[in-house]
Structures are given as structure tokens and as C-alpha cells.
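Notes for the structure review
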Amino acid sequence: MPPDLAQCAICRQNIRDALTAIVMSEDGAAAHFDCVVKKLSDEEELRSREKICYLGGGEFGIVRFNSADSKKFTIRKRIRLESAEYDPEWRKSISNGLST
Ligand SMILES: [Zn+2]
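Okay, so let's go over this structure.

This part covers the overall build of the protein chain. A count of helical and extended segments in the protein chain gives two helices and seven strands. Ordered by position in the sequence, the α and β elements of the protein chain form the string β-β-β-β-α-β-β-β-α. Counting the 100 residues in the protein chain, one finds 15% classified as buried. Pairs at least 24 residues apart make up 29% of the contacts formed inside the protein chain by residues separated by at least 6 positions.

Spelled out as C-alpha cells, the structure:
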């Protein structure tokens, strides 16, 4: 296990797993993935069949599923949170440990 990496900007708990953390701004403020999803769910007005999802590349989005049991969805709104250019040192040390 890596040492405690950073503190979540939302719940103030330590982030122990960098792979589930989101860096929210250039200054390196990080938050748990789950906390970010919850925060966005609170801030955005979700309509029926809409859900906050991670789109990749630092972007979250509000996606709307075509029907309750459908896997097809459309992206209603994109929310960029993580700077794509931001590459924190602690994340690098994790990815360096990956065998490719
Ligand atoms: Zn948190």
C-alpha cells in the first residue's frame, strides 16, 4: 500500500488509493471519486434516468439513459474537473509501478 497521498477536498479524509482519486484543480486539490460524484449529484439538477458518470480524461458528465433498463445513453452535459495536463508526482509513482 502506498502511504497516505493527499486529503480529500470534500470529506477531509485521507486518500489512500490514488487510482480512485480525482484531482480537481491545478493546485493539486484532490478528492475521492465517490465524493466528487456525490457533490456533482447534489449540485446538478438530475432529471429522471440521469446519472453522474466519469467520462474519462478528467471529465465528468450528466448522462441520460434512454430507458430504465437501457445501456444506451446520451451525454447531456460535460463537466471538466480534472486538468488533463496536471500530472501529480504521487500518481506518477503509482503508474511507474505498473508493469506494461
Ligand atoms: Zn472524500
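Moving on, there is more to tell.
This next bit is on the pairing of strand β6 (residues 59-65). As paired strands, strand β5 (residues 50-56) and β6 are joined by six bridges and run antiparallel to one another. The residue of β6 that forms the bridge with Glu50 is Arg64. Counting the residues in the hairpin turn of β5 and β6 gives two residues, including Gly57, whose phi is positive at 60 degrees. The pairing of β6 with strand β7 (residues 73-80) spans seven bridges and is classified as antiparallel. Along β7, the bridge assignment pairs Ile62 with Lys77.

To continue, consider the sheet that holds β7. In space, the three strands of this open sheet follow the order β5-β6-β7, with antiparallel pairing throughout. With one partner strand each, in any of the chains shown, β5 and β7 form the two edges of the open sheet. Averaged over all pairs of adjacent strands, the angle between strand axes in this sheet comes to 35 degrees, irrespective of strand direction. Strands β5, β6 and β7 of the sheet are contacted by helix α1 (residues 33-43), whose axis makes an angle of about 135 degrees with β5.

Tracing the sequence through the fold places Asp69 in the loop between β6 and β7. Residue Asp69 is classed as exposed on the basis of its C-beta count, with 6 C-beta atoms lying within 10 Å. Expressed as a C-alpha distance, the spacing of Asp69 and Arg49, which sit 20 residues apart in the sequence, is 9.7 Å.

Nonpolar side chains tend toward joint burial in soluble globular proteins. Counting 13 residues, the largest nonpolar core has Cys8, Ala21, Ile22, Met24, Ala30, Ala31 and Val36 as its most contacted members. Mapped by element, the contributors of at least two residues to this core are β3 (21-23), β4 (30-32), α1 and β6. Per-element accounting of this core gives the leading share, three residues, to β3. Beyond its immediate stretch of four places on either side in the chain, Val36 contacts Ile22, Ala31, Phe60 and Leu81.

Criteria and cut-off values
- Residues numbered from 1 in each chain as written.
- Predicted model: local features only at pLDDT ≥ 70, side-chain atom pairs only at ≥ 80, totals over all residues.
- Helix = DSSP H or I, 4+ residues; strand = E, 2+ residues; numbered from the N terminus.
- Buried ≥ 20, exposed ≤ 12 C-beta atoms within 10 Å, placed from the backbone.
- Contact = placed C-beta atoms within 7 Å.
- Pairing = 2+ DSSP bridges.
- Axes fitted to C-alpha atoms, helices over the stretch in contact; angles between N-to-C directions.
- Core = buried A, V, L, I, M, F, W, Y, C linked by C-beta atoms within 7 Å.

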